[in-house]
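# Residue-level structure breakdown
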Amino acid sequence: MRKNDRKNILLFVFMILGFVLALQFRSVMSNTSQEEISTVQTIESLKKELEREKLIGDSLREQLDESIIQRDAILRNMVEERGGEDITKEWEKARVLAGLTEMVGDGVVITLNDASEIVDGVIDPLLHEHSLYEVLNEIKKAEPVAISVNNERIISTTEIVCAGPTTRINRNRYAVPYEIKVIGDSKKIREAFLNSSIVTFEFIPNNIRFQIKDEKDIVIPKYSGRIDALINAVEVVE
Amino acid sequence: MNVIRVFTMTLICLLIGTMISWQYKSIDNNNRLVTSQTTSIHALQEELIEQQRINEELEKRLKEINREIDDYAYAKDDMEKVDKTIKKEMREAQILAGLVDVKGKGVEIVIDSIYGFMFYEYKLLDIINQLRAWEAQAISVNGERITVLTEFEWTEGNRCKINGNYYTMPYVIKAILPPENIDYLVYMIEDMFELVTRYYDIDIQVKEEIIIPKIKSEGALLKYVY
């Protein structure tokens, strides 16, 4: 190797070394920059704020449930005192069928979730809103008494709408996993669900996770949203 | 001596090569971290806004219920008010349950097959869900009131079982919904059928008054209640 070649190689090596050092310096600077620190701080503060808002939400929900119980008790007294036995019975029947009363009974709990991993042959590993309402339709074929999804009571106006990574149910958003509680004949519901085309042709081939188990004394909450907003466009035909 | 020099140079070049590769990986990871942090901030902000909206609604609802409690307590001795309240509560529950005939502004969708193409129950489900998404307050299919537990089941003879009764095409779907949502709904339904108009005859009409009948039989719904 000639002296000149050695110099050229050394020049080349040190140029690369200089370049690497500059890159390293920039990388370290960007890691420790104010921007980086403030991003981490923003994430932390957002997480804390979200946690606080969730706690407020839980507390409001509890208060709302208590107030609804209190209001319903006053109403029931009114109906019983003023309306008599027939009116009370009719009122109770309408409320049960409308999903305005809490229901307790035996049935099944179905859990649905996206595929845990993408394997060969899987076309769509995500659980979509249409799958959810098709499952609810399969359950309805088994004549259930009451259904809820993530504790949201399914009523006659309940929509199942795709809202980005979540699903809108009764105007509230929920993400996977979906827990469907059903009160009714467990055997019939189990058969209807497991033999359905949605399970056979969509869930199993796409690795969508599902689980069904019988449970006793399932509690399905009543619909707790605003009722007037659900009936303000209709008028009763007398 | 020459061999040692070449060996040393090779070693240095190898080391530098390894360093460059580590460096590249490190910078790439940093960039990914920044991207994921930005995404995470957006997701958190969205979740926070949604939670705040839910809390506002809960607060509003709580105030309404508390006001109702006060009103009921106040109306306790006023029999006229008590009767009105009972009637209102009863009507609300009956409408939601589908136990009374209702009327209002809405849409009528008639779907018929052109060449005998089948219209499976999941397509009906799509339409019903779309109607609910646009806040339909009462729906019927071929005169069957759609309630909370109405099932759509494809059966032999190209028939669809609805509330235990069997129906074939044409399907006449009626829905009453808030007037401000009607145009959006019509657009969405037209969009849903855009690619299949050669197979089905679809007629969508907005009507000032649509009457939707109450549920024909309460049998299946009520057998568990009493």
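Computed from a prediction, not measured in an experiment: that's the story for all the values here. (Residues numbered from 1 in each chain as written. Chains lettered and ligands numbered in written order. Predicted model: local features only at pLDDT ≥ 70, side-chain atom pairs only at ≥ 80, totals over all residues.)

### Side note on the overall build of chain A
Selection criterion: Labels follow the DSSP assignment, with helices taken as runs of H or I lasting at least four residues and strands as runs of E lasting at least two, numbered in each case from the N terminus. Based on C-alpha atoms, the radius of gyration is set beside the globule rule, defined as 2.2 Å times the residue count to the power 0.38. Any residue surrounded by 20 or more other C-beta atoms within 10 Å of its C-beta is treated as buried, while 12 or fewer makes it exposed and the intermediate range makes it partly exposed; C-beta atoms here are placed from the backbone.
A tally of regular secondary structure across chain A gives six helices and nine strands. Compactness check: chain A gives a C-alpha radius of gyration of 29 Å against a globular reference of 18 Å for 238 residues, more than 25% above the reference. Each of the three principal axes of chain A carries a C-alpha extent, and together these read 115 × 45 × 35 Å. The buried share among the 238 residues of chain A stands at 26%.

### Focus: the packing of helix α3 (residues 129-140) of chain A against helix α4 (residues 186-194) of chain A
Residues and elements named next belong to chain A. What counts, and what does not: Fitting a line to C-alpha atoms yields each axis, with helices limited to the stretch in contact; the angle taken between N-to-C directions then spans 0 to 180 degrees. Angle categories are assigned with fixed cut-offs, so that under 35 degrees is roughly parallel, over 145 is roughly antiparallel, 65 to 115 is roughly perpendicular, and the rest are oblique. By definition, any crossing whose near helix is turned counterclockwise from its far helix by less than a right angle is left-handed, and any crossing with a clockwise turn is right-handed. Two residues qualify as being in contact provided that their C-beta atoms, derived from the backbone, are within 7 Å of each other. Ten residue types, Ala, Val, Leu, Ile, Met, Phe, Trp, Tyr, Cys and Pro, are classed as nonpolar, four, Asp, Glu, Lys and Arg, as charged, and the remainder, Gly among them, as polar.
Relative orientation of the contacting elements α3 and α4 amounts to 140 degrees, with a least axis distance of 8 Å. For the element pair α3 / α4, the angle class is oblique. Between α3 and α4 lies a crossing whose hand is right-handed. Where α3 abuts α4, its residues V135, E138 and I139 lie against I189, A192 and F193. Residues that form the contact of α3 with α4 fall into these classes: five nonpolar, no polar and one charged.

### Some details on the nonpolar core
Using the following cut-off: In plain words, the nonpolar core is the set of buried Ala, Val, Leu, Ile, Met, Phe, Trp, Tyr and Cys residues that C-beta atoms within 7 Å link up.
Grouped together as the largest cluster of nonpolar side chains are 77 residues, with contacts concentrated most on A:I139 and B:I176. In terms of residues, this core owes the most to one element, helix α2 (residues 34-98) of chain A, which gives six residues. Among all residues touching B:I176, those that are not within four sequence positions of it are A:A233, A:V234, B:V102, B:G104, B:K105, B:G106, B:A136, B:Q137, B:A138, B:I210 and B:I212.

### Description of the domain arrangement of chain A
Note the following rule: An automatic or database domain assignment is the source of the domain bounds shown.
Domain boundaries in chain A define domain 1 (3-32) and domain 2 (105-220). Inter-centroid distance (C-alpha atoms) of domain 1 of chain A to domain 2 of chain A is 59 Å.

### Observations regarding the confidence of the model for chain A
Spelled out, the test is: Confidence of the predictor in every single residue is expressed as pLDDT, which spans 0 to 100.
Of all residues in chain A, 95% attain a pLDDT of 70 or more, and the chain-wide mean is 86. Within chain A, the lowest mean pLDDT, 77, falls on helix α1 (residues 3-31) of chain A, and the highest, 95, falls on strand β7 (residues 178-183) of chain A.

### Thoughts on α3(A)
Residues and elements named next belong to chain A. Note the following rule: Here a helix's expected span is defined as the number of its residues, less one, multiplied by 1.5 Å.
Taking 1.5 Å of rise per residue, the twelve residues of α3 would be expected to cover 16 Å, and the 17 Å separating its terminal C-alpha atoms lies within 8% of that figure. Burial within α3 is extensive, with ten of its twelve residues counted as buried. Every buried residue of α3 is listed here: S131, L132, Y133, E134, V135, L136, N137, E138, I139 and K140.

### Considerations on the environment of B:R159
Residues and elements named next belong to chain B. Following the sequence through the fold, R159 ends up in strand β5 (residues 159-162). Along the sequence, R159 and M169 sit ten residues apart, while their C-alpha atoms lie 8.0 Å from each other. In this view, R159 contacts Y166, Y167 and T168; residues no more than four positions away in its chain are not counted.

### So, the interface of chain B and chain A
Operational definition: A pair of strands is considered paired only if DSSP assigns at least 2 bridges between the two.
At the junction of the two partners, chain B supplies 80 residues and chain A supplies 73 residues. Taken together, the elements giving at least two residues each to the side of chain B that touches chain A come down to α1 (2-75), α2 (79-97), β1 (102-113), α3 (121-133), β4 (152-155) and α5 (219-222) of chain B. No other element matches the 35 residues that α1(B) contributes to the side of chain B that touches chain A. Residues that form the side of chain B that touches chain A fall into these classes: 44 nonpolar, 19 polar and 17 charged. Sheet analysis places strand β9 (residues 235-236) of chain A next to β1(B), joined by two bridges and oriented antiparallel. Residue pairing in the sheet places A:E235 in a bridge with B:K103 of β1(B).

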